Each structure stands twice: as structure tokens, then as C-alpha cells.
Amino acid sequence: MDSMRGIAVVGSINADLLVTLERHPQPGETVLGRTMTVLPGGKGANQAVAAALLGADVMMVGAVGTDSHAVTALSALDSAGVDLQAVQRIDGGTGVAIVEVSDDGENTIVVLPGANAAVTPALVAASEAAIRTAAVVVVQGELPADATAEAVRLASGRAIINLAPVIAVDREVLLRADPLIVNEHEGALLLTQLGGAEAGDHAAVVAGLLACGFASVVMTLGAAGALLSDGGAVRAVPAPQVHAVDTTGAGDAFVGALAARLATGGSLDDAVRVAVRVGSYAVQRPGAQPSYPTQADELPAGHEV
Ligand code: RIB
């Protein structure tokens with residue numbers, strides 16, 4: 001990557017074992033599934049693919065194993081043109097996620113981290129030059145916290161921290177997020193952990209997180225769209241009404257699209273508007289790495305907000 005351009009995604013890479021079923025089982029219950037497909041996934045990889053398909057120059061930093069799942073896990077990253085030079089192969093298994101999607105499009109996910117758990121600060125630091133020169137560095141919560149923190153420390157461009165799931169990253173490192181991206185559950189949990197004032201509704205959680213010292217905060221709300229603030233009032237961006245068939249990775253599509261827009265100098269409001277459209281597009285297709293129109297502006301009618 002040239003100086004201060006492109007996106008470095010430091011994050012998880014998985015193979016998703018996608019099981020479709022009529023409804024999710026209750027604890028202790030057995031239900032019959034319909035189909036099982038092995039697809040590429042992992043929050044980091046999903047975000048990298050989305051950003052690359054929307055035209056960004058993306059480098060992925062992470063690890064896969066030496067098993068056959070590695071081939072699946074890297075397939076869409078490769079086809080999307082993501083630079084995989086900083087993806088290391090570690091003896092053992094690739095990260096795997098058991099993803100169950102019911103007829104109403106809702107999912108449950110169990111992640112077995114595999115090689116992702118072996119990503120160390122040293123592995124991240126081996127890509128120091130690429131991370132330092134990236135206009136945008138994106139991290140999530142599926143790598144060990146010390147490796148995630150190292151990526152943020154090395155970033156000299158904009159750091160997007162998608163704290164999904166919420167992991168214990170040093171407060172000083174976390175506050176470098178611009179923006180912090182969380183869903184409503186992650187936002188409420190993080191606010192409590194940071195000792196913020198109790199908040200009555202989602203907008204108050206966003207305001208509370210800003211009061212903790214974040215430069216900007218984005219909260220995803222699924223079918224309801226997103227909230228954002230970079231210090232002023234909390235703004236709402238509604239989502240188009242669509243029929244969801246699989247919500248897996250919708251938040252990742254959102255993050256990837258937002259990163260792609262910010263990397264080309266878009267405002268946070270503009271980036272969130274595009275990201276909401278891309279997330280709504282993604283839920284209408286199965287799998288966590290669906291193909292998108294290659295430019296956000298080409299998203300079909302019905303994705304206008
Ligand atoms: O956010 C969805 C992703 O979470 C899946 O692709 C799965 O691999 C887990 O990481």
C-alpha cells in the first residue's frame with residue numbers, strides 16, 4: 001500500500017459451518033436441520049471482503065491453520081483481491097464457526113477460534129509498516145485482546161474498533177477508536193464496564209460512551225438501522241425495509257462498508273448511511289460474505305435511505 005492509503009483489517013478468519021433449520025432448539029432439545037454448507041467467515045475476513053468488494057484497497061492480517069478449512073476460509077478474500085501476505089499459517093486447525101440460521105433469518109453462532117487464538121502482538125507487529133501506513137485500521141473482538149491492542153497502537157491512521165464481542169482492551173487503547181462500533185448489547189455492556197452513567201435508551205448509551213472519551217461512536221440496531229455521534233447530537237439512520245434470509249455477518253458488512261467510505265475521505269454520516277444500505281443488502285443473501293455490487297452507489301433500489 002502507498003503512504004496513508006487503504007485499509008488494514010487485523011482480525012479473525014473462519015470457516016462457517018452454516019446449518020439451516022426451521023427453528024432454533026431450546027436448551028436440552030434436539031431438532032432436525034435441513035442443510036449444511038461450509039462457507040468463508042470470521043468477523044475480520046467478512047469486513048475485509050465487504051470493504052474490498054466496495055472498491056477499497058485492503059490488507060488482511062491474521063492466521064489460518066494447516067487444515068482444509070483454510071482453503072474455504074481464504075477463498076472469498078482471495079477472489080475479492082484482498083492482500084493476504086500478512087495471513088500466517090499456523091500448525092493446527094483454522095477457526096470454525098457453527099452458524100445456525102432459522103427460517104426467520106435469525107442466527108446463533110458458536111466460534112472455535114483455532115488459529116485466531118494464536119495471533120500474538122508479535123505476529124501483528126510483523127506487519128507494522130502496512131498497519132502504520134493504512135488510512136484506516138479495523139479491528140474486532142475475535143482475536144486475543146493483546147494482539148488487537150497492538151494493532152491499534154501501531155495505527156497512525158484512523159482506528160475503527162468494532163468491539164464484537166466485547167473483550168478486555170486497555171481503556172487508553174480503546175479510546176483511540178474513531179469510531180467505536182458496537183451493537184446495542186455490546187454498547188450497554190461496555191458502558192457499564194467503563195463506569196459510565198446508567199443510560200435509559202440506545203441514544204443515551206451512545207451519548208454515555210462519548211462522555212467516556214470516545215471521539216465518535218456508531219451503534220448498529222439491526223433492522224432499525226444505526227445511531228451515530230461524533231460529539232454533536234446523536235443522529236439516527238433508518239434501514240430500508242427488507243426480507244432477511246440470513247443476518248449472519250450483516251454487522252460485518254456494515255463495518256467493512258463504513259471503513260471503505262472513511263478510507264476515501266467520506267464523512268462519518270455519509271459512511272453510516274452507506275453502511276446501513278450495505279448491511280440491509282447483505283441480510284437478503286445467505287452466508288457472511290455475499291457478493292455485493294462493486295460500488296456502494298450501485299446498490300439496487302430499495303437500499304436508499
Ligand atoms: O459476524 C459473523 C461471523 O461471526 C461469522 O462469519 C462467524 O465466523 C463468526 O466469526
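Residues numbered from 1 in each chain as written. Predicted model: local features only at pLDDT ≥ 70, side-chain atom pairs only at ≥ 80, totals over all residues. Heavy atoms only, no water.

Participant: Could you give an account of the overall build of the protein chain, naming the residues involved and the relevant values?
Facilitator: Helix and strand content of the protein chain: ten helices and 13 strands. Scaling as 2.2 N^0.38, a compact globule of 305 residues should have a C-alpha radius of gyration of about 19 Å, and the protein chain matches this with 18 Å. In terms of principal-axis extent, the alpha carbons of the protein chain reach across some 50 × 40 × 40 Å. Going through the 305 residues of the protein chain one by one, you find that 52% of them count as buried. Put simply, 64% of the contacts in the protein chain that link residues at least 6 apart link residues at least 24 apart. A total accessible area of about 12300 Å² is found for the protein chain, and carbon and sulfur atoms account for 53% of it. Measuring between centres, the 15 positive side-chain charges of the protein chain sit 5 Å from its 32 negative side-chain charges. (Helix = DSSP H or I, 4+ residues; strand = E, 2+ residues; numbered from the N terminus. Rg over C-alpha atoms; globule rule 2.2 N^0.38 Å. Buried < 20%, exposed > 50% of the residue type's maximum accessible area, 1.4 Å probe, protein only. Contact = heavy atoms within 4.5 Å. Areas by Shrake-Rupley, 256 points an atom, 1.4 Å probe, with all protein chains shown as cover. Lys, Arg positive; Asp, Glu negative; His and termini not counted. Charge placed at Lys NZ, Arg CZ, Asp CG, Glu CD.)

Participant: Summarise the pairing of strand S6 (residues 95-102); cite the residues concerned and give the values.
Facilitator: Of all eight residues making up S6, six are buried, and the element is well covered by its neighbours. The sheet contact formed by S6 and strand S7 (residues 107-112) spans six bridges and is antiparallel. The residue bridging Val96 from the neighbouring strand is Leu112, located in S7. The hairpin formed by S6 and S7 contains four residues between the paired strands, and Gly105 there has a positive phi angle of roughly 85°. (Pairing = 2+ DSSP bridges.)

Participant: Lay out the sheet that holds strand S13 (residues 235-237) in plain terms, naming residues and giving numbers.
Facilitator: The nine strands are arranged S5-S4-S1-S8-S9-S10-S11-S12-S13 in an open sheet whose pairing can be described as mixed. Strands at the two margins of the open sheet, each flanked by one partner only, are strand S5 (87-89) and S13. When strand polarity is set aside, the average angle formed by the axes of neighbouring strands in this sheet is 20°. Of the strand pairs in this sheet, strand S11 (residues 217-220) and strand S12 (residues 226-229) are connected by four bridges, and their pairing is antiparallel. By the bridge assignment for S12, Thr220 is matched with Ala226. Strand contacts of helix H8 (residues 202-211): strand S10 (177-183), S11 and S12, with the helix running at about 150° to S11, the strand carrying the most contacts. (Axes fitted to C-alpha atoms, helices over the stretch in contact; angles between N-to-C directions.)

Participant: How would you explain the pairing of strand S4 (residues 58-64) if you had to name every residue and give the values?
Facilitator: Judged by how many residues are buried, S4 sits mostly within the fold: seven of seven residues are covered. Where burial is concerned, the two faces of S4 agree: the one with Val58, Met60, Gly62 and Val64 and the one with Met59, Val61 and Ala63 are both buried. Note: strand S1 (residues 7-10) against S4, four bridges, orientation parallel. Following the sheet pairing, Val9 is matched in S4 by Met60. Relative to S5, S4 runs parallel, the two being bridged by three bridges. Opposite Ala63, over in S5, you have Gln88 as the bridge partner. Each parallel crossover has a hand, and the one from S4 via helix H2 (residues 69-79) to S5 is right-handed. (Right-handed = clockwise from strand over helix to strand, strands pointing away.)

Participant: Go over the packing of helix H1 (residues 43-53) against helix H9 (residues 250-263), please, and point to the residues and values.
Facilitator: Relative to each other, H1 and H9 sit at 45°, their axes nearing to 7 Å. The angle between H1 and H9 places the two elements in the oblique class. Between H1 and H9 lies a crossing of right-handed hand. Contacts from Lys43, Asn46, Gln47, Ala50 and Ala51 in H1 reach Asp252, Ala253, Val255, Gly256 and Ala260 in H9. Grouping the constituent residues of the contact of H1 with H9 by class yields five nonpolar, three polar and two charged. (Parallel < 35°, antiparallel > 145°, perpendicular 65-115°, else oblique. Left-handed = near helix turned anticlockwise from the far one by under 90°. Nonpolar A, V, L, I, M, F, W, Y, C, P; charged D, E, K, R; others polar.)

Participant: Run through helix H10 (residues 268-282), naming residues and quoting values.
Facilitator: If you check H10, its first and last C-alpha atoms are 21 Å apart, about what 15 residues at 1.5 Å a residue would give, namely 21 Å. The element H10 is largely enclosed, with a buried count of twelve among its 15 residues. All of the buried residues in H10 are Leu268, Ala271, Val272, Val274, Ala275, Val276, Arg277, Val278, Gly279, Ser280, Tyr281 and Ala282. Lining the buried residues of H10 we find S10, S11, S12, S13 and H9. (Expected span 1.5 Å × (residues − 1).)

Participant: Mind laying out the layout of surface pockets, listing which residues take part and the relevant values?
Facilitator: Rolling a probe over the atoms, with the probe sized like a water molecule, indicates the empty space that remains. Roughly 1100 Å³ of internal volume is contained in the largest pocket. In this structure, the largest pocket is lined by 44 residues; those nearest its centre are Gly222, Thr247, Gly249, Ala250 and Gly251. Listed by contribution, the elements that provide at least two residues to the lining of the largest pocket are strand S2 (14-21), H1, S6, S7, S10, helix H7 (184-193), H9 and H10. Considered class by class, the residues forming the lining of the largest pocket number 18 nonpolar, 18 polar and eight charged. (1 Å grid on protein atoms, 1.4 Å probe; cavity = no way out; pocket = protein on both sides within 12 Å on 5 of 7 lines; lining within 4 Å. Points joined across faces, edges and corners; volume = space filled by probe spheres on them.)

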